[in-house]
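Structural characterization, general
Each chain, written out:
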Amino acid sequence: MKFQHYLFLILRHSWLIVLIVAITLGGTWAWLSKQTTIYTSRAVLQVEKDEARVVKIEEVTDSSITNAEQMNTVVQTLSSNTLLLAVAKAIGRDVEWAKQHGSDGKLAPGMENALANSIASQLKISLRRSTRLIDIVSEDKSPEKARNLASEVVHQFFAMQNQDRTDISKDANRFLVAEAEKLKTKLQDSENKLAQYRQEHKAVSLDKDRDIVSERLTAINSQVTQAAVQRAALESDLAALGQIKQDDVEGLLKLRSVAAIPEVAQLRTTLVQKEGDFATVKQRYGPRHPKYGEAQSQLEEIRNKVRSAVADAGDTLRQQYQSFKETEQSLKQQLKNAEDQTLQLAQVSIPYNVLKREADTDRTLYEAILTRLKETGVTQGLVKTPYKVIEDPLVNPNPIWPIWKRILSAAGALALAASVGLIILLDRMDSSLRTVDEAESSLGLGVLAAVPDGDLSRIPKGGTVMTDDSNSSQAEAFRTLRASLSLLGEEDKRRIILVTSAIPAEGKTFTSANLAASFATQGLSVILIDADLRRPALSAFMLERDIRQNEDFRGLTDVLSGLCSTEEATRATRVPNLSLLSSGRRAPNPAELLSQGGMEKLLKELSHKYDRIVLDTAPINAVSDSLGIAPLAHAVCLVLRYGKTPRRAITRALGLLKKSGARMAGVIMNRMPSKRGAAYYYYYYGDPYIKGDVYGGSDPGKSKGRKKSDKAPPAPAAEIPVSGLSRNKS
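Parameters at a glance
Residues numbered from 1 in each chain as written. Predicted model: local features only at pLDDT ≥ 70, side-chain atom pairs only at ≥ 80, totals over all residues. Heavy atoms only, no water. Pairing = 2+ DSSP bridges. Helix = DSSP H or I, 4+ residues; strand = E, 2+ residues; numbered from the N terminus. Axes fitted to C-alpha atoms, helices over the stretch in contact; angles between N-to-C directions. Contact = heavy atoms within 4.5 Å. Phe/Tyr/Trp six-rings, centres within 6.5 Å; stacked < 30°, edge-to-face > 60°. Buried < 20%, exposed > 50% of the residue type's maximum accessible area, 1.4 Å probe, protein only. Right-handed = clockwise from strand over helix to strand, strands pointing away. Arc of directions from axis to C-beta. pLDDT = per-residue confidence, 0-100. Lys, Arg positive; Asp, Glu negative; His and termini not counted. Salt bridge = Lys/Arg side-chain N within 4 Å of Asp/Glu carboxyl O. Polar contact = N/O pair within 3.5 Å; in protein donor to acceptor, adjacent residues only side chain to side chain.

1. Some thoughts on the sheet that holds strand 3 (residues 133-140)
- Read from one edge of the open sheet, 4 strands run 2-3-1-4, paired in antiparallel fashion. Looking along the sheet, the strands with just one partner apiece sit at the ends: strand 2 (123-127) and strand 4 (387-391). Across the sheet, the mean angle separating the axes of adjacent strands is 25° when strand polarity is ignored.
- Sheet analysis places strand 2 next to strand 3, joined by 5 bridges and oriented antiparallel. Counterpart to Leu127 in the pairing with strand 3 is Ile134.

2. Brief notes about the sheet that holds strand 10 (residues 612-616)
- The mixed open sheet is built from 8 strands, whose spatial order is 5-12-11-6-10-7-9-8. If you trace the sheet from one side to the other, it starts and ends with strand 5 (447-452) and strand 8 (570-572), each paired once. Neighbour-to-neighbour, the strand axes of the sheet open up by a mean angle of 25°, direction not taken into account.
- In this sheet, strand 9 (residues 578-581) lies alongside strand 7 (residues 526-530) in parallel orientation, the contact comprising 4 bridges. Pairing of Ile529 across the sheet is with Leu581, part of strand 9.
- Sitting on the sheet, helix 19 (residues 508-521) is in contact with strand 5, strand 6 (496-501), strand 7, strand 9, strand 10, strand 11 (635-641) and strand 12 (664-672), with an inclination near 170° to strand 10.
- Strand contacts of helix 27 (residues 647-660): strand 6, strand 11 and strand 12, with the helix running at about 170° to strand 11, the strand carrying the most contacts.

3. Overview of the packing of aromatic side chains
- One pass over the full model with this rule turns up 5 aromatic pairs.
- Centroid distance Trp31 to Trp401: 5.7 Å. Interplanar angle 75°. Geometry classified as edge-to-face. Placement of the pair is Trp31 in helix 2 (residues 14-33) and Trp401 in the loop between strand 4 and helix 15 (404-429), with a sequence separation of 370 residues.
- Trp31 gets classed as partly exposed once you look at its relative accessible area, which sits at 41%.
- Among the residues examined, Trp401 registers a relative accessible area of 31% and is labelled partly exposed.
- Centroid distance Phe478 to Phe510: 5.6 Å. Interplanar angle 70°. Geometry classified as edge-to-face. Of this pair, Phe478 sits in helix 18 (residues 473-486) while Phe510 sits in helix 19, and the two are 32 residues apart along the sequence. Phe510 matches Phe478 in its accessibility class, with the two residues each being buried.

4. Examining the pairing of strand 12
- The buried count for strand 12 comes to 7 of 9 residues, which makes it a mostly enclosed element.
- Across 4 bridges, the pairing between strand 5 and strand 12 is parallel. Looking across to strand 12, one finds that Val447 is bridged to Val667.
- For strand 11 and strand 12, the ladder comprises 6 bridges, and the chain directions are parallel. The residue of strand 12 that forms the bridge with Val636 is Met664.
- Chirality of the crossover, the property in question, places the unit of strand 11, helix 27 and strand 12 among those that are right-handed.

5. As for helix 3 (residues 68-78)
- Residues of helix 3 that are buried: Met71, Val74, Val75 and Leu78. Down the axis of helix 3, the buried side of the element spans an arc of 100°, and every buried residue falls inside it.

6. Points about the confidence of the model for the chain
- This prediction gives the chain a mean pLDDT of 79; 81% of its residues lie at or above 70.
- Within the model, pLDDT remains below 50 along residues 51-65, and this stretch shows 41 contacts once partners closer than five positions in the same chain are excluded.
- Confidence drops under pLDDT 50 across residues 676-730; counting only partners more than four residues distant or on other chains, this segment forms 78 contacts.

7. Regarding the side chain of Asp140
- Note that Asp140 resides in strand 3.
- Buried charge Asp140 goes without a salt bridge, the closest partner of opposite sign being Arg93 at 4.0 Å.
- Side-chain polar atoms of Asp140 contact the backbone nitrogen of Ser142, separated by 3.1 Å.
- Setting aside chain neighbours within four positions, we find Asp140 in contact with Thr37, Ile38, Tyr39, Arg93, Gln122, Lys145 and Ala146.

Quick look at the structure:
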């Protein structure tokens, strides 16, 4: 039933759904027509695991860019203001920006940050999850400009990387060139002194006298030479170290002396091992597993130790340099002592050997510096970048924004869902009763009849749907009401029927008149009493105006006040067998007038004259008039209006009637919808029979194609009285 209920609601309010969807689609279309068309282009950058190397040179160290921190560093580098400003200048955006802001083609210093932000707003740089791929997506109003922007970002990134890599090599190369010049001059001086000594002392044959120099001198000399070479290499690295930032771990590790530090070398080996262990743990366990956190913590600890050890490399190298220097001085002192000891044996050859050793030492140092200089130049030109473009940016002819079909479809779907939700929400907030089942389950009373809504413009003054539109569904609803009341019990216990409502404007007067007319068309003598003394309506509904304005016009108040008899106040109506006792003159105290014994006496008197007495009374919750006469009725019918009467008002009215001792017959649902879902409300089941019955309807098979006649329907045939129901008037 819930599904049928909601389906009925949707069908009933389909116009609202169509309106909301149409307004939403129209507004979305208007909004989309004002949007700027945006095109995109994408470049994909791959970060390789290891840097490619062409030649194996010990001084050139490699580093892997594999962990998330380093990958995010690359992403941040691509988004840095330095790179974005370089891109802006390369594509001429700086000139355009300056002209737009009135700077005569020159970019003011304070505008650089805004220019970089404007370029950043057109870029989306992100790292693909679980990969080493970086997406560089650019946006622009022109597809060509979008492609050029993405391409220039990649180009400027590679240019920046190459510049950073050559800075260290250039600093080291500059120092080596200066040292080579010094050693070259010293070597030339040593060789000139040696040649001059040979010429002056005619010591050409001294080369053959090396046996006079002990093996000890040769060994010490070799040690001195090695110490000098180490010191010179260390001096070169110390000079390069001064040009490198302390937090540039990769740059520091490229120095041979730094990488050769035992602690650093051991920590790097441990780091490689821990990274392998962490990769294994990462494949087996999730981030929340204790082993995963333990392995990650150990890896981070080793990395911190490497950073700390590399940061302290300067102090270590200075200590090594001082140690090498002291060792060299010590060896030179030892060499001098040995020379003094052998001076007496070879006084002539010693000066020559000294000059020869100095020349050899200077030549060895000079050759070592030249070799180092060549290696620096070779690595500078051969080291490859670890970044590779695997997807070049292309011109995309399809705009990414706005996507008309997708947005309009989403807007339509949301509008449809919102409208349906609004209808359901309003229904849930509505406390009125809308179905027969709902009324019966909520109130605990049976629904005597469900009267559909209809067009009453064709009903003449003083007429009813029972007499003037007898083949309608409304007339059949009142026949159902009549039948329901006829089944309440014995004849004497269902003759006085009181019709009331919880609040005004529920249709109780319309129901009372047609209920009375339904009994009258059955051949019963019926009197309709207008007991609503505060806002009487039956007189205006059933009688002509000239009758109501007659000075002799009397009613219920006059009878109860003793101003006239019942016969004088009763009027005949256009409906055969139906009489009307109107409310009469306005009474200052209607509640007291009705609650006195005169009303009970009047009903007893009328019950001897009429087969049925129908009372139209005031609303229960509005005034207390009806509660005084409700116990006098054999059956009380409460009229409620479909979709309007609040449940709280109905419940309160029923509670008051119960306290007053009224005998409730049931409720009457008035003004039910008659177009959609009528069968759901039970009054439309017999529609084919209604249209083709004895009351003047057409054939049910032909009723659908027949046009409605403008003329009033023919008067109904007189109904056959039910046996045993008619009474002789006394």
